[in-house]
Amino acid sequence: MESSSSGTTSSTIQTSSGLEESLMEQRKRKRMLSNRESARRSRMKKQKLLDDLTAQVNHLKKENTKIVTSVSITTQHYLTVEAENSVLRAQLDELNHRLQSLNDIIEFLDSNNNNMGMCSNPLVGLECDDFFVNQMNMSYMMNQPLMASSDALMY
C-alpha cells in the first residue's frame, strides 16, 4: 500500500507542478500581451509626437516665410526712404548754400549802397535810379540767370 500512497503523492505533486507551470505560462502570456500593448501604446504615442512636431515645423516654416517677406518689404521701404532722405538733404544743402549766397549779395549791395548813396533796400525794386542794379537784384530774387538786354547796355 505504500506504493499506492507514494504514487498518489507523486501524482499530486505532478498535478500541482503542472498547475504551477500552467499558472506561470498564463502569467507569462499575460505579461507578453501586456508588454505588446504597452509597446503599441508607446509606438502610437511616439508617432503622435512625431506628427505633432512635423505639423509644428510646417507651421513655423510658414511663419518664417511670412516674417522673411515682411523683413524684405520693410528693408525695401527703408532703402527707399533713406534714398529720399538723402535727396532731401542734398536739396537742403543746396538751398542753404543759395540762401547764404543771396544773403551775401544783399549784404554786399547794402554796404555798397550805403557807401555810394544808392537805394537802401535792393529788394524794393524801382526805388533806385540805376536800372542795371535793379535788374541784377531782380534776377537774384527770382533765382534766374542774369540776362543781357539792349536796355541794360544803354548809357
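Below you will find a few notes about this structure. Computed from a predicted model, the values in this text were never measured in an experiment.

**Quick look at the overall build of the protein chain**
- Check the secondary structure of the protein chain and you find 2 helices and 0 strands.
- Relative to its full complement of 155 residues, the protein chain shows a buried share of 6%.
- If you sum the accessible surface of the protein chain, you get close to 13700 Å²; carbon and sulfur atoms cover 59% of it.

**A word on the pattern of salt bridges**
- The full count for this structure, using the stated rule, is 4 salt bridges.
- Arg41 is the salt-bridge partner of Glu37, the closest N and O atoms lying 3.9 Å from each other. Pair noted here: Glu37 and Arg41 are both in helix 1 (residues 2-116), with a separation of 4 residues, about one helical turn.
- For Glu37, a relative accessible area of 30% puts it in the partly exposed group.
- Its salt-bridge partner being Glu94, residue Arg98 comes within 3.2 Å of it at the nearest N-O pair.

So, how was this worked out
- Position numbers for residues count from 1 along each chain, tracking the sequence in the order it is written.
- Side-chain atom pairs in this predicted model are given and counted only at pLDDT of 80 or more, local residue features only at pLDDT of at least 70, and totals for whole chains, interfaces and linings cover all residues.
- Side-chain measures here rest on the full set of heavy atoms in the structure, leaving out hydrogens and waters.
- Only DSSP runs of H or I reaching four residues or more are called helices, and only runs of E reaching two or more are called strands; each is numbered from the N terminus.
- Accessible area is worked out with a 1.4 Å probe on protein chains only. A residue is then buried under 20% of its type maximum, exposed over 50%, and partly exposed in between.
- All accessible-area figures derive from a Shrake-Rupley calculation using a 1.4 Å probe, and residue coverage is judged against the displayed protein chains alone.
- Here a salt bridge means any side-chain nitrogen of Lys or Arg lying within 4 Å of a carboxyl oxygen belonging to Asp or Glu.

Functional significance is not addressed by these values, which are geometric in nature.
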